[in-house]
Amino acid sequence: METEVKTKTATGAHTMAQNADGSPMTAEQKQPTVKMSARDLNLWYGDTQALYDINLDCYSREVTALIGPSGCGKSTFLRCLNRMNDLIPQVRLQGDVTLDGEDIYDHSVDVVQLRTFIGMVFQKPNPFPKSIYENIAYAPRLHGTGTSRSELDDLVESSLKRAGLWNEVADRLDTPGTELSGGQQQRLCIARAIAVNPEVILMDEPASALDPLATATVEALIHELKDNYTIVIVTHNLQQAARVAGYTAFFHMGKVVEFNDTDTLFTNPKEQRTEDYITGRFG
Amino acid sequence: MQRRLTGSANDPRIKARYRGEKRFKAYTVTALFVAFAIIIAFFTDIISQGYTAFWRTEVNVTIDYNERAERIGRFALAEDMREIVSRGAVRSIPLDIRNNPELAGTTRQEWVPTYSRIDQYFKGNEELPPEMAAQVEELMEAGVIRTTFNWAFFTAGDSKLPELAGIFSAVVGSIFVLFVTLIFAFPIGVMSAIYLEEFAPDNKLTQLIEVNINNLAAVPSIIFGLLGLAVFINTFGAPRSSALVGGLTLGLMTLPIIIISTRAALRAVPDPIRLGAFAMGCSRWQVVRDHVLPLSLPGILTGTIIGLAQAMGETAPLIIVGMIAYIPEAPGSIFESATVLPAQIFTWASEPRKAFVEKTAAGIIVLLAVLLTLNAAAVFLRRKFERRW
Ligand SMILES: Nc1ncnc2c1ncn2[C@@H]1O[C@H](COP(=O)(O)OP(=O)(O)OP(=O)(O)O)[C@@H](O)[C@H]1O
Ligand SMILES: [Mg+2]
């Protein structure tokens, strides 16, 4: 699972990675590499179309936030990125989604394998009703990335440490994960995702079920994870997007209305609809 | 100040409403009371009729292994005792002597079961001719008649002599039958449910299958008996009256129950668990094996136990496949002729002799006790492992 830059895809970034006013980037504004990208993505649930011509790039080792009013397709798009939509009957999809330039919807792609590259954290914490240890050790053992007991012990410890949960649970690894507090459960789910050593982590409103303090902890965690992982996060909390995300996409009615680096999008939106949304005038 | 809240107590319409409410409540309480009274009456009746079967009357006699007893066992007894002692108790004496020649010429004191009418006389169920009554009262005075726990009821098979009849062969038959039912219906039922719930696409065909399975659960059990007769005995030539045929027949009947309860148990596992597992890169089978099944197992077992309990009480389909035969010896395998507990009860219930009344009731007590235990186990499993999400 190397995260080396594949030059072929790096060039795909240019259309989106320009300044808001269209001026070319300065030397300091380093050209980021594209990790995942969607091209002309359309999606239907049965006969109703939920996504229209989505073009979006998620940059390597950056946080990309997806914002927009309820029902605009943020979760649907997120699920396209690790093919969780495959599990919903009657979903039809058109267009391309790539990971490091590889089409993830290609026939030869193994979905199960794909999801070990692209982890996911859900809105409601959903730890397995097993011990904390098992929650984390389960997938590595399954995928054969951790086999011996000591390997797994190390993996559990390092994952929990990275998720900032180690100090709180180190002495009770065999208690059920479901007995933790909501915020702890969510960090356990993040630790569980990290343990598979993914390259991308998708998060669908990961803090919406948490209190402000737990939210702050999770946000700090996201900030840290950014150094090693590409993160795509759906959020309803605009401040949160502003705090954690380098890039933000505004979705509306199944379309990407605007995509830019977060500062520009929030301070100097190009589109009227974006401005209306972030100033709270609709939604 | 005008009082608006208290004045209405005398309003006839409100009074009528309260009356109606009281009446309705009285109806519901009465209904509950009637239902409860019926259950109590049933249990009281069965237990009062049946408890005596757990005791039996024995008489202490001298057994004389003389020459005539080598041919007819009854001659081992003193003449006045021959009517008192159960015929079954001395039946084996000639054989005993043949197997053990040293016995010849010796005598021995022994407690043996009495003739069933004397047993019934002491239990207050039957009258005896006056001379006989006088004789046994005398024996009672002399201390050679006693009442002991009737172990034979649990260790003996069926018998034409009520004082010797027991449930052992029927219990063994029931165990064999349930074993076959379980082996047949559990894997097929659980697998089918897993396929329908976790793998099958939601299309016309699976919907059709689903409707049919639900209908199957409502088919009268005797139909399954006819099916078992036609398929297992006539087509596949399985031995008639055997536990194999009975178990397979009941398995057909239990299958829909297991499928339906397994599906309910699988459906109770919340989707976020599945999604979480899928997102970790689990294949569908890994999701089912590692996450869904462990969580739904208690529910599956509960449904299975309830299905088995229902199968255990079933009689009609087993009569059709011939499991109502007179089976004094417990079957040695699932291929031998066997009977089951409810069929044994049915046989005893159709006996005209008075002494079988208590056997019937005692059989019912045992059957009920087993069924209650099974259902209690199911409830316990459900309570113990029930999860709230
Ligand atoms: N499983 C589904 N089957 C059918 N339609 C769906 C399904 N999931 C979502 N939709 C529809 O697709 C559209 C987009 O839904 P989606 O869940 O992606 O919105 P969202 O932006 O995540 O909203 P929210 O902020 O409320 O979570 C909605 O109109 C929704 O009704
Ligand atoms: Mg959503």
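Residue numbers run consecutively from 1 along every chain, following the written order of its sequence. In the order they appear in the text, chains get letters beginning with A and ligands get numbers beginning with 1. In keeping with the model being predicted, local features are shown solely for residues with a pLDDT of at least 70 and side-chain atom pairs are shown and tallied solely at 80 or more, while totals for entire chains, interfaces and linings include all residues. Neither water nor hydrogens contribute to the side-chain values; these are computed over all heavy atoms in the structure.

**Q** Tell me about the site of ligand 1, residues and numbers included.
**A** Residues and elements named next belong to chain A. A molecule or strand has a residue near it when one of that residue's heavy atoms lies within 4 Å. The local shell around ligand 1 holds 13 residues, among which Ser 70, Lys 74, Ser 75, Thr 76 and His 236 are the closest. At 3.0 Å, a backbone N or O of Gly 73 approaches an oxygen atom of ligand 1. Polar contacts here mean pairs of N or O atoms no more than 3.5 Å apart (in protein, one a potential hydrogen donor and the other a potential acceptor; neighbouring residues in sequence count only if both atoms are side-chain atoms). Here Lys 74 contributes a side-chain N or O atom positioned 2.8 Å from an oxygen atom of ligand 1. Areas reported as accessible are Shrake-Rupley estimates using a 1.4 Å probe. Residue values count occlusion only from the protein chains shown. Calculation on ligand 1 without its partners gives an accessible area of 620 Å², and the protein chains cover 60% of this total.

**Q** Can you break down the sheet that holds strand S1 (residues 34-45) of chain A residue by residue, with the values?
**A** Residues and elements named next belong to chain A. In short, DSSP must find at least two bridges between two strands for them to pair. Only DSSP runs of H or I covering at least 4 residues are called helices, and only runs of E covering at least 2 are called strands; the numbering of each starts at the N terminus. If you trace the four strands from one edge of the open sheet to the other, you get S2-S1-S4-S5, paired in antiparallel fashion. Lying at the two open borders of the sheet, with one neighbouring strand each, are strand S2 (48-59) and strand S5 (102-103). As judged from the eight bridges shared by S1 and strand S4 (residues 91-99), these two strands associate in the antiparallel manner. Within the sheet, the bridge partner assigned to Leu 43 lies in S4 and is Leu 93. In what follows, a contact means two residues having at least one pair of non-hydrogen atoms within 4.5 Å. Every axis corresponds to a line fitted to the C-alpha atoms, with the helix fit spanning only the stretch in contact, and the corresponding angles, defined between N-to-C directions, vary from 0 to 180 degrees. On the sheet, helix H2 (residues 74-81) packs against S1, S2 and S4 and is oriented at approximately 120 degrees with respect to S1.

**Q** How would you sum up the confidence of the model for chain A? Please name residues and give values.
**A** Residues and elements named next belong to chain A. In the predicted model, chain A carries a mean pLDDT of 87, and 88% of its residues have values of at least 70. Across the chain, each position has a pLDDT score giving the predictor's confidence in that residue, from 0 to 100. Overall, residues 1-20 carries pLDDT values under 50, and its contacts beyond four positions in sequence, including any with other chains, amount to 41 contacts. In this model, residues 22-28 is a region of pLDDT below 50 whose contacts with residues beyond four sequence positions or in other chains number six contacts.

**Q** Give me the side chain of Asn126(A): which residues, what numbers.
**A** Within the secondary structure, Asn126(A) sits in the loop between strand S6 (118-121) and helix H4 (132-143). When neighbours within four sequence positions are excluded, Asn126(A) is seen to be in contact with Cys189(A), Arg192(A), Pro272(B) and Gly276(B).

**Q** I'd love a proper account of the UniProt feature "domain: ABC transmembrane type-1" (unreviewed entry) in chain B, names of residues and values included.
**A** UniProt positions are given in the numbering used here, feature names are shortened, and annotations may be inferred rather than shown by experiment. Per the UniProt record, "domain: ABC transmembrane type-1" (unreviewed entry) is found at residues 171-378 of chain B. Between the end C-alpha atoms of residues 171-378 of chain B the distance is 21 Å, and the span holds 76% helix and 0% strand.

**Q** Before we move on, could you go through the environment of Val34(A) and cite the residues and values that matter?
**A** With respect to the secondary-structure elements, Val34(A) resides in strand S1. Sequence separation between Val34(A) and Cys58(A) is 24 residues, and the spatial gap between their C-alpha atoms is 5.8 Å.

**Q** Residues and numbers for the packing of aromatic side chains, please.
**A** Planes of paired rings set the category: under 30 degrees apart is stacked, over 60 is edge-to-face and the rest tilted, where pairs are Phe, Tyr or Trp rings (Trp by its six-membered ring) whose centres lie within 6.5 Å. The tally for this structure, following the rule as stated, stands at 15 aromatic pairs over all chains. With centroids separated by 5.6 Å and ring planes inclined at 45 degrees, the aromatic side chains of Phe77(A) and Phe251(A) adopt a geometry described as tilted. With Phe77(A) in helix H2 and Phe251(A) in strand S9 (residues 247-252), the pair connects residues that are 174 residues apart, well separated along the chain. Accessibility assignment for this pair places Phe77(A) and Phe251(A) in one class, buried. Centroid distance Phe153(B) to Phe154(B): 5.4 Å. Interplanar angle 85 degrees. Geometry classified as edge-to-face. Ring-pair connections join several aromatic residues into one group, and the members of that group are Phe54(B), Trp55(B), Phe149(B), Trp151(B), Phe153(B), Phe154(B) and Trp348(B). Placement of a charge over a ring requires the Lys NZ or Arg CZ to be within 6 Å of the ring centre, with the centre-to-atom vector within 35 degrees of the ring normal. The cationic tip of Lys130(A) hangs over the ring face of Tyr138(A); the distance from NZ or CZ to the ring centre is 5.8 Å. Directly above the ring of Tyr52(A) sits Lys255(A), whose terminal nitrogen or CZ lies 4.8 Å from the centroid. Each residue is assigned to one of three classes by its accessible area relative to the maximum for its type, calculated with a 1.4 Å probe on protein chains only: buried under 20%, partly exposed between the two thresholds, exposed over 50%.

**Q** Describe the domain arrangement of chain B, listing the residues and the values that go with them.
**A** All names here are of chain B. Each domain span listed reflects an automatic or database assignment of domains. Here chain B is described as being made up of domain 1 (52-150) and domain 2 (168-385). Taken together, the contacts link ten residues of domain 1 with seven residues of domain 2. Summing both partners gives a buried area of about 600 Å² for domain 1 against domain 2, and 57% of it is carried by carbon and sulfur. A simple way to read buried area is as the amount of 1.4 Å-probe accessible surface that goes missing from two parts once joined, with both sides added. On the domain 1 side of the interface with domain 2, the three residues burying the most area are Ala 53, Phe 54 and Gln 120, jointly 60% of the side's total.

**Q** Outline the state of the cysteines, supporting the account with residue identities and numerical values.
**A** In what follows, a disulfide is any cysteine sulfur pair within 2.5 Å. In the structure shown here, the tally under the stated rule is zero disulfides over all chains. Not engaged in a disulfide, the cysteine Cys282(B) finds its nearest cysteine sulfur in Cys189(A); these two sulfurs lie 14 Å apart.

**Q** Hey, could you go over the sheet that holds strand S2 (residues 107-113) of chain B for me, with residue numbers and the actual values?
**A** All names here are of chain B. Pairing is antiparallel across the open sheet formed by three strands, whose spatial order is S2-S1-S3. Looking along the sheet, the strands with just one partner apiece sit at the ends: S2 and strand S3 (145-149). Shown here is a sheet whose adjacent strand axes are inclined to one another by a mean of 35 degrees, direction ignored. Summarising the sheet, strand S1 (residues 55-64) and S2 pair through seven bridges and their orientation is antiparallel. From the neighbouring strand, Asp 64 faces S2, where its bridge partner is Thr 107.

**Q** Outline the pattern of salt bridges, supporting the account with residue identities and numerical values.
**A** By definition here, a salt bridge exists when the distance from a side-chain nitrogen of Lys or Arg to a carboxyl oxygen of Asp or Glu is within 4 Å. Counted by the stated rule, this structure contains 24 salt bridges over all chains. Among the salt bridges present, the one from Glu157(A) reaches Lys161(A), with a minimum N-O distance of 2.6 Å. One end of the pair, Glu157(A), and the other, Lys161(A), are both in helix H5 (residues 149-162), four residues apart, so they sit about a helical turn from each other. The salt bridge involving Arg289(B) is made with Asp290(B); its shortest N-O contact spans 2.9 Å. Residue Arg289(B) is classed as partly exposed on the basis of its relative accessible area, which comes to 37%. Put simply, Glu197(B), Glu210(B), Arg263(B) and Arg267(B) are held in one network by salt bridges that share partners.

**Q** Tell me about H5(A), and name the residues and values.
**A** Residue and element names in this part refer to chain A. In this analysis, the expected span of each helix is defined as 1.5 Å times one less than the number of residues it contains. Between the first and last C-alpha of H5 there are 20 Å, a value that for 14 residues agrees with the 20 Å anticipated at 1.5 Å per step. Along H5, the positions that sit buried rather than exposed are Leu 152, Val 156, Ser 159 and Leu 160. The arc enclosing the buried residues of H5, seen along the axis, measures out at 95 degrees, which places them on a common side. Of the surrounding secondary structure, the elements contacted by the buried residues of H5 are H4, helix H6 (166-169) and helix H7 (182-195). Just past H5, the residue Gly 164 takes up positive phi, approximately 65 degrees. Of all possible arcs, the one meant is that of the directions from the helix axis to the C-beta atoms.

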